[in-house]
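Close look at the chain arrangement
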Amino acid sequence: MARAISEKCRRCAKLSAAEAKEKECWVGQPCHVRRHGYRNRDRYNKQKKQKYAIATGKIVPEITVAVPQNPAAILHLYRERKDAPLHAIAAELWVGGKQVAKVEPVHCLGWTGSQAKQYSKNILQSFSAQLEDCLLERFESQVELNPSQCPIRPCPLHPGMG
């Protein structure tokens, strides 16, 4: 029979590692293991149920079909709103399910709209150079991120840091 769930440990597993380590009940490696178990409990139980159902013939196992390996460029824009000034730009190139290339974020402080557009075109050109026989004409998607998530240091939004 399985061990009973510790409600205290289950709640602690929801905290960040730094917050959990500050608690008086923290005992090191055993707590790391328990936190991992509680965080992944649903996934583990689902996998066990699925394996049992396949073994007993209740469900038919799924087969996988090869996914087309199409390239996709994703543009990351750091800004408050659509009409707000652009804080930073970053990009990623994915082929299938793997990240192939990445352009680190760059501050756009003082850039005009046309300079930002030209920079994004240059990113697409460099991504196209990475690929064989493929020309990227546009970004597959644009991800809007809040400037507070800007990883660049020093940053005008975070003076004194970095």
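Reading guide: rules and limits
- Residues numbered from 1 in each chain as written.
- Predicted model: local features only at pLDDT ≥ 70, side-chain atom pairs only at ≥ 80, totals over all residues.
- Heavy atoms only, no water.
- Helix = DSSP H or I, 4+ residues; strand = E, 2+ residues; numbered from the N terminus.
- Rg over C-alpha atoms; globule rule 2.2 N^0.38 Å.
- Buried < 20%, exposed > 50% of the residue type's maximum accessible area, 1.4 Å probe, protein only.
- Contact = heavy atoms within 4.5 Å.
- Lys, Arg positive; Asp, Glu negative; His and termini not counted.
- Charge placed at Lys NZ, Arg CZ, Asp CG, Glu CD.
- Salt bridge = Lys/Arg side-chain N within 4 Å of Asp/Glu carboxyl O.
- pLDDT = per-residue confidence, 0-100.
- Core = buried A, V, L, I, M, F, W, Y, C linked by side-chain atoms within 4.5 Å.
- Pairing = 2+ DSSP bridges.
- Axes fitted to C-alpha atoms, helices over the stretch in contact; angles between N-to-C directions.
- Expected span 1.5 Å × (residues − 1).

1. Quick notes on the overall build of the chain
Across its full length, the chain carries 5 helices and 4 strands. What you see in the chain, going N to C, is helices and strands ordered as α-α-α-α-β-β-β-α-β. In terms of overall dimensions, the chain is more spread out than a globule: its C-alpha atoms have a radius of gyration of 23 Å, far above the 15 Å expected for 162 residues. In the chain, buried positions account for 28% of the 162 residues. Once local pairs closer than 6 in sequence are excluded, the contacts in the chain between residues at least 24 apart make up 46%. Distance between charge centroids for the chain: 11 Å, based on 26 positive and 15 negative side chains.

2. Quick word on the pattern of salt bridges
All chains considered together, the criterion is met by 4 salt bridges. The shortest N-O distance in the salt bridge between R81 and D83 comes to 3.0 Å. Salt bridges sharing partners connect three or more residues here, namely R79, K82 and E144.

3. Things to note about the confidence of the model for the chain
Overall, the predicted model of the chain reaches an average pLDDT of 88, with 96% of residues at or above 70. The secondary structure element of the chain with the lowest average pLDDT is helix α1 (residues 7-13), at 89, and the one with the highest is strand β2 (residues 88-95), at 94.

4. Observations concerning the nonpolar core
One finds I89, A91, I123, F127, L136 and F139 to be the most contacted residues of the largest nonpolar core, which totals 17 residues. Listing elements by their share of this core, those giving two or more residues are β1 (71-78), β2, β3 (98-107) and α5 (113-130). Grouped together as the second largest cluster of nonpolar side chains are 6 residues, Y78, A90, C150 and I152 included.

5. What about the sheet that holds strand β4 (residues 141-145)?
Strand order in the open sheet formed by 4 strands is β3-β2-β1-β4, with mixed pairing between adjacent strands. A strand with exactly one partner marks an edge of an open sheet, and here the two such strands are β3 and β4. Going across the sheet, the axis of each strand differs from the next one's by a mean of 15°, ignoring polarity. The pairing of β2 with β3 spans 7 bridges and is classified as antiparallel. Within β3, the residue paired with I89 across the bridge is V106. Across the sheet, α5 touches β1, β2 and β3, and the angle it forms with β2 is around 25°.

6. Here we look at the pairing of β1
When you tally the buried positions in β1, you get 7 out of 8 residues, the bulk of the element. When β1 meets β2, the two strands line up antiparallel, connected through 8 bridges. If you follow L77 over to β2, its bridge partner there is I89. Bridging between β1 and β4 involves 5 bridges; their strand directions are parallel.

7. Observations concerning α5
Over its 18 residues, α5 runs 26 Å from end to end, which matches the ideal 26 Å to within 8%, given 1.5 Å per residue. Turning to α5, the residues buried within the fold contact β1, β2 and β3.

8. Concerning the side chain of R79
Note that R79 resides in the loop between β1 and β2. Look at R79 and you get buried, because its relative accessible area is 14%. Non-local contacts of R79, meaning those with residues more than four positions away in its chain, are made with A84, P85, L86, H87, E144, L145, N146 and P147.

9. Considering helix α4 (residues 41-56)
Here α4 spans 23 Å end to end across 16 residues, near enough to the 22 Å set by a 1.5 Å rise per residue. G57 sits one or two residues past α4 and shows a positive phi near 85°.

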